[in-house]
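Topology and contacts: notes
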Amino acid sequence: MNTPPDARPPRVLGLMSGTSVDGIDAVLLELSGYPRLGTNIQVPELSGPAPRFEILEHRAVPFADDLRAALLAAGRDETTTSQITQLNFWLGEALADAAADLAVSADLIASHGQTVHHIPYLDASRGWHTRSTLQIGEAAVIVERTGKPVISDFRPPDLAAGGQAAPLVPFADRIIYAEAGVRRAVHNLGGISNLTYLPGLDEAGVLAFDTGPANALIDEAAELVGKRFDEGGRLGAGGHVAESLVNAWLDDPYLNATPPKSTGRERWNLQQLPGVFELDAKDIAATVTAFSVQSIAQAYRRFVLPLGLDEIVVAGGGAFNPTLMAQLRAALAPIPVLTFEERGWNSAAREAAAFAVLGYYAYQGWRNTLPHTTGARHAVIAGKLSRPFVE
């Protein structure tokens, strides 16, 4: 692992905390066939089977209960500016802790941090008068603790260029998972559900957007009975689905909007679902599970299946919820729905690995966004570089 950098491919440590707010994924990625950091050459062409890069190590570091509670409160708009300021550095320390051991073998760190609010469009009824997004987890803390350069703050450049600052992962999905002759959807079931449609190696044909909720609502339902998530999908399997509520929620304007589009927990939480608290906890879990599935299936039927689709490969925590996956497979049959693990890939590492790729491209000065998936006027170099001080 400690081979001199000049004698091996570049290695980037990706750090990611997603919308499920369950912890930090740290992924050490080796980019075989790519030039060393700072080498100014043309961007390599895609070739070979997927995935193209090797995950040398992946660690999942759960959040302490008090940190997770603080992050969730921030996402629900229940936090003061003083608390957000402290939370930014508190999370920075947690990210630095998660990075510490693996950073020794990395040339660069790419840290997405935690999105605490995402406002990609205006909505006066919600007090959204300025498009904006906020990811916290102070990069300077990671630099100071590890002594390595850090790319962070990936979303604002795309937003400033007129985009929605999401989804950004599809750029890396294409680099890692696209294959000639295969029409593949890479789907993430995190707190929010999002997909990347890869029509072979064609960059212009990539389609990507947030479909709506995945685990966000299910996790909240689990919290009603004192659990962090629906382990084994048992809560969702044990209740009764209120079909009338599912059908009503499927009329949400976001679900019916055409891509590009992005969303987050600020929209998809139990407080925003009319009628949900008329149900008991088990029925809430069953109903929001069914709603997540149907909103995903609806998105595929409207926006993806007409383009032609060979397979769907699923990552994220929802891939380990057998109730969610069984319903999703049934709703999308006969399209094969496979988990990353069934493909021999690592689902938990997918998003951190993606930001490792985005961070590498940013460091090299290469554009790392697909503006047609975010709605931006043009591509940008997403990410801000923080360097260690060298005397």
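Please refer to the structure placed before this passage.
Below is a summary of the structure that appears in this document. This one's a predicted model, so the numbers in the text were calculated from it and none came from an experiment.

Here we come to the layout of surface pockets. Roughly 750 Å³ of internal volume is contained in the largest pocket. Breaking the lining of the largest pocket down by element, the ones donating at least two residues are strand E2 (23-30), strand E3 (54-62), helix H6 (215-223) and helix H13 (350-364). Counted by class, the lining of the largest pocket contains eleven nonpolar, 15 polar and nine charged residues.

Read across the open sheet, the five strands follow the order E10-E9-E8-E11-E12; overall the sheet is mixed. Edge positions in the sheet fall to strand E10 (207-213) and strand E12 (337-339), since each has one partner strand and no second. When strand polarity is set aside, the average angle formed by the axes of neighbouring strands in this sheet is 25°. Across six bridges, the pairing between strand E9 (residues 192-199) and E10 is antiparallel. In the sheet register, Asn 194 faces E10, and the bridge partner there is Asp 210.

The full count for this structure, using the stated rule, is two cavities of 30 Å³ or more. Empty space within the largest cavity amounts to approximately 440 Å³. Together, 33 residues line the largest cavity, and Thr 19, Thr 115, Arg 155, Ile 192 and Thr 263 are the ones closest to its centre. Contributions of two or more residues to the lining of the largest cavity are made by helix H1 (65-75), strand E5 (114-119), helix H5 (169-177), E9 and H13. Class assignment for the residues of the lining of the largest cavity results in 13 nonpolar, 14 polar and six charged. Of the voids in this model, the second largest cavity is the one considered here, and its volume is about 90 Å³.

Here the focus is the side chain of Arg 174. By the element assignment, Arg 174 lies in helix H5. The exposure class of Arg 174 is buried, given its relative accessible area of 14%.

Attention now goes to the packing of aromatic side chains. Tallied over the entire structure, the rule returns 16 aromatic pairs. Consider the rings of Phe 209 and Phe 303, whose centres lie 5.5 Å apart with planes at 85°: the pair is edge-to-face. Of the two residues, Phe 209 is situated in strand E10 and Phe 303 in helix H10 (residues 281-304); the sequence distance between them amounts to 94 residues. Each member of the pair, Phe 209 as well as Phe 303, carries the same accessibility label: buried. Aromatic pair Tyr 361 and Trp 366: ring centres 5.1 Å apart, planes at 75°, arrangement edge-to-face. Like Trp 366, Tyr 361 is buried. A cation over a ring is seen here: Lys 261 above Tyr 254, with NZ or CZ 4.7 Å from the ring centre.

Here the focus is helix H2 (residues 81-103). In this model, H2 (23 residues) spans 31 Å end to end at C-alpha, consistent with the 33 Å of a helix rising 1.5 Å per residue. The sharpest bend along H2 reaches about 30° and sits at Asp 97. Burial in H2 covers these residues: Leu 87, Asn 88, Leu 91, Gly 92, Ala 94, Leu 95, Ala 96, Ala 98, Ala 99, Leu 102 and Ala 103.

To continue, consider the pairing of E5. Taken residue by residue, a regular strand's side chains alternate between the two faces of the sheet. Of all six residues making up E5, five are buried, and the element is well covered by its neighbours. As paired strands, E5 and strand E6 (residues 132-136) are joined by five bridges and run antiparallel to one another. Bridge pairing in E6 links Thr 115 to Gln 135.

Before going further, it helps to spend a moment on the pattern of salt bridges. Under the definition given, this model contains 20 salt bridges. A salt bridge links Asp 101 to Arg 59, with the shortest nitrogen-to-oxygen separation between them at 3.2 Å. In this pair, Asp 101 sits in helix H2 while Arg 59 sits in strand E3, placing the two residues 42 residues apart along the sequence. Judged by relative accessible area, which is 55%, Asp 101 ranks as exposed. Among the residues examined, Arg 59 registers a relative accessible area of 29% and is labelled partly exposed.

What follows deals with a nonpolar patch on the surface. A cluster of nonpolar side chains, namely Leu 224, Val 225 and Phe 277, defines an oily patch on the protein surface of about 270 Å² accessible area. Relative to the helices and strands, Val 225 resides in the loop between H6 and helix H7 (234-238). Residue classification places Val 225 among the partly exposed residues on the basis of a relative accessible area of 38%.

The rules behind the values
- Residues numbered from 1 in each chain as written.
- Predicted model: local features only at pLDDT ≥ 70, side-chain atom pairs only at ≥ 80, totals over all residues.
- Heavy atoms only, no water.
- 1 Å grid on protein atoms, 1.4 Å probe; cavity = no way out; pocket = protein on both sides within 12 Å on 5 of 7 lines; lining within 4 Å.
- Points joined across faces, edges and corners; volume = space filled by probe spheres on them.
- Helix = DSSP H or I, 4+ residues; strand = E, 2+ residues; numbered from the N terminus.
- Nonpolar A, V, L, I, M, F, W, Y, C, P; charged D, E, K, R; others polar.
- Pairing = 2+ DSSP bridges.
- Axes fitted to C-alpha atoms, helices over the stretch in contact; angles between N-to-C directions.
- Buried < 20%, exposed > 50% of the residue type's maximum accessible area, 1.4 Å probe, protein only.
- Phe/Tyr/Trp six-rings, centres within 6.5 Å; stacked < 30°, edge-to-face > 60°.
- Lys NZ or Arg CZ within 6 Å of the ring centre and 35° of its normal.
- Expected span 1.5 Å × (residues − 1).
- Bend = angle between axes of the 7 residues up to and from the residue.
- Salt bridge = Lys/Arg side-chain N within 4 Å of Asp/Glu carboxyl O.
- Patch = residues over 30% accessible without salt bridge, like charges linked within 9 Å, V, L, I, M, F, W, Y side chains within 5 Å.
- Areas by Shrake-Rupley, 256 points an atom, 1.4 Å probe, with all protein chains shown as cover.

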